[in-house]
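Structure assessment
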Amino acid sequence: MRPNTSIRVRLTIWYGGGLALIMLLFATALYVVMARALEDQIDRSLEEAAVAASRSLEEHRFGPFLLLDDLAQAFPELALIDKFFQIFGPQGQVTLQSANIKTRNIPLSQTALQSSLQGRAVFETVRFHDEIPIRLLSYPILHGQTLVNILRVGTSLQPEEEMLARLVFVLLIGSPLAVVVSVLGGWFLAGRALRPVDTITLTAQRIAGGDLTQRIETTSKDEIGRLASTFNDMIARLEASIRQIRQFSADASHELRTPLTITKGETELALRKPRSPEVYREALESNLEEIDRMSRIVEELMFLSRADLGEVHVASDPVQLDTLIQEIQLQAMVLGKERHIETTLGQVEPLQVLGDEWRLRELILNVVDNAVKYSSSRGTVQISLTQYHGMARIVVQDHGIGMTPDEQRLVFDRFYRTDAARAHAQKGTGLGLSICKWIAEAHHGTIEVASTFGQGSCFTIALPLLPATPVR
């Protein structure tokens, strides 16, 4: 079968071939069973006739000899229409036979003679040239232990052969007809069953053309329905991914365009006319600051890209979180010194987790840095470390600008910054919290935010404790 043959054709061919084989096996089995049943029926009738005739013959015996003079007149049943009788002597010679026998000489075979000498009846089927086959039963008649006669009962197998011939005719006509009808039905049903596949194919072609809004309409819950639902889910995720990629590209372009525009504008302004060294220094310092910002954006983008591809290695070592928190608190004090923002420690328990100390430091420091950055002047930031249900829970609470519920759902998206955040702090890439989320999930943990607009935010980081750490 050619590889490019359609599934519908292949299904129909396999279905038709399988059905034809089944019909052949069924017809063969039916013929064998029917032939065997007919043979058993004939053998039973021959045996019944032989037993009845044998009993009648016993009544007309003088010693071991039959009285042959009036035997034919005394037994009209020996002239049955569908059976004939023969009586042989113990040496196998014919002594009497019924008048309805068509073949004048049906000799006793050696098999029948030997079986009769042993006191056993035997069935035989014989055919003489082109005549109809005959079924024979050779039945021994004993006087004591001595064989005195052999009674043979026979009948023609013509009715049975005609019945089997009609059966073969019906099977030869009916089986191919049933196969043809079934193949046509299989072709129709295969087309009906594969119609949704054609719909899926057409939809996939439209999607390949760029229309990601296409979906497959299905109401069934069978295998094709589940396939269509899975296909729709896949396209929905693909559409969302492409939308995110486009948004990501637009946001990255926007974030990089701003420092480039500033750098270009300040450079052109400085070159329009001769200026003092101080002015040139200020321009170069501003350019360097924007270049640093672009470098930071590029580095963070590279990190997230490598993280998406699974190329970022995360160590798995014991990390003492309470010591790490205390070090970060000292760094936060330096970060908030200019705006008089104080970072304090709440409850800090001695807890250990399994992870990458450098990545965990980056995670916690990013969250604390955001809390300091978006706190009101002379505000406070509090860090606490407790255990809860087998997890180390780090809580960073600030009293800054806060977020709305809609902003909270998007705050971990790449390049997302709230309007209040942009107005409060010009610096920032909008990638820090995305990196924090990846680090938390890489350590089999979570990061969540609860915030009230204008009142502050509370970030909660949950990380699995080491098994040796006692859990309350």
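Heads up: these notes are all about the structure in this document. (Residues numbered from 1 in each chain as written. Predicted model: local features only at pLDDT ≥ 70, side-chain atom pairs only at ≥ 80, totals over all residues. Heavy atoms only, no water.)

**What to know about the packing of helix 6 (residues 277–308) against helix 11 (residues 432–442)**
In contact at an axis separation of 11 Å, helix 6 and helix 11 are set at 30° when each is read in the N-to-C sense. Judged by the inter-axis angle, helix 6 sits roughly parallel to helix 11. Remark: the crossing between helix 6 and helix 11 carries left-handed chirality. Here Glu300, Phe303, Leu304 and Ala307 of helix 6 come into contact with helix 11, specifically with Ser434, Ile435 and Trp438. Residue composition of the contact of helix 6 with helix 11, grouped by class: five nonpolar, one polar and one charged. (Axes fitted to C-alpha atoms, helices over the stretch in contact; angles between N-to-C directions. Helix = DSSP H or I, 4+ residues; strand = E, 2+ residues; numbered from the N terminus. Parallel < 35°, antiparallel > 145°, perpendicular 65-115°, else oblique. Left-handed = near helix turned anticlockwise from the far one by under 90°. Contact = heavy atoms within 4.5 Å. Nonpolar A, V, L, I, M, F, W, Y, C, P; charged D, E, K, R; others polar.)

**Focus: helix 3 (residues 110–117)**
Within the span of helix 3, buried status applies to Ala112, Leu113, Ser115 and Ser116. Down the axis of helix 3, the buried side of the element spans an arc of 165°, and every buried residue falls inside it. Looking at the buried residues of helix 3, the elements they touch are strand 5 (122–126), strand 6 (134–143) and strand 7 (146–156). Positive phi appears at Gly119, one or two residues downstream of helix 3, with a value of about 80°. (Buried < 20%, exposed > 50% of the residue type's maximum accessible area, 1.4 Å probe, protein only. Arc of directions from axis to C-beta.)

**Quick notes on the nonpolar core**
Ranked by size, the top nonpolar core spans 45 residues in total, and within it Leu321, Ile364, Ile394 and Ile447 carry the most contacts. If you list the elements that add at least two residues to this core, you get helix 6, helix 7 (321–335), helix 8 (357–373), strand 11 (380–388), strand 12 (391–398), helix 11, strand 13 (446–452) and strand 14 (456–464). The greatest single-element share of this core, amounting to seven residues, is contributed by helix 8. If you look at the next biggest cluster of nonpolar residues, it comprises 15 residues, including Ile141, Leu151, Val153 and Leu157. (Core = buried A, V, L, I, M, F, W, Y, C linked by side-chain atoms within 4.5 Å.)

**A short note on helix 4 (residues 158–208)**
With 51 residues, helix 4 should cover 75 Å at 1.5 Å per step; its first-to-last C-alpha distance of 72 Å lies within 8% of that length. Maximum bend of helix 4: about 40°, positioned at Leu194, with proline Pro196 one to four residues after it. Backbone geometry just after helix 4 places Gly210 at a positive phi near 115°. (Expected span 1.5 Å × (residues − 1). Bend = angle between axes of the 7 residues up to and from the residue.)

**Re the packing of aromatic side chains**
One pass over the structure, following the stated rule, counts one aromatic pair. In this structure, Arg393 is placed above the aromatic ring of Tyr388, and the distance from its NZ or CZ to the ring centre is 4.9 Å. (Phe/Tyr/Trp six-rings, centres within 6.5 Å; stacked < 30°, edge-to-face > 60°. Lys NZ or Arg CZ within 6 Å of the ring centre and 35° of its normal.)

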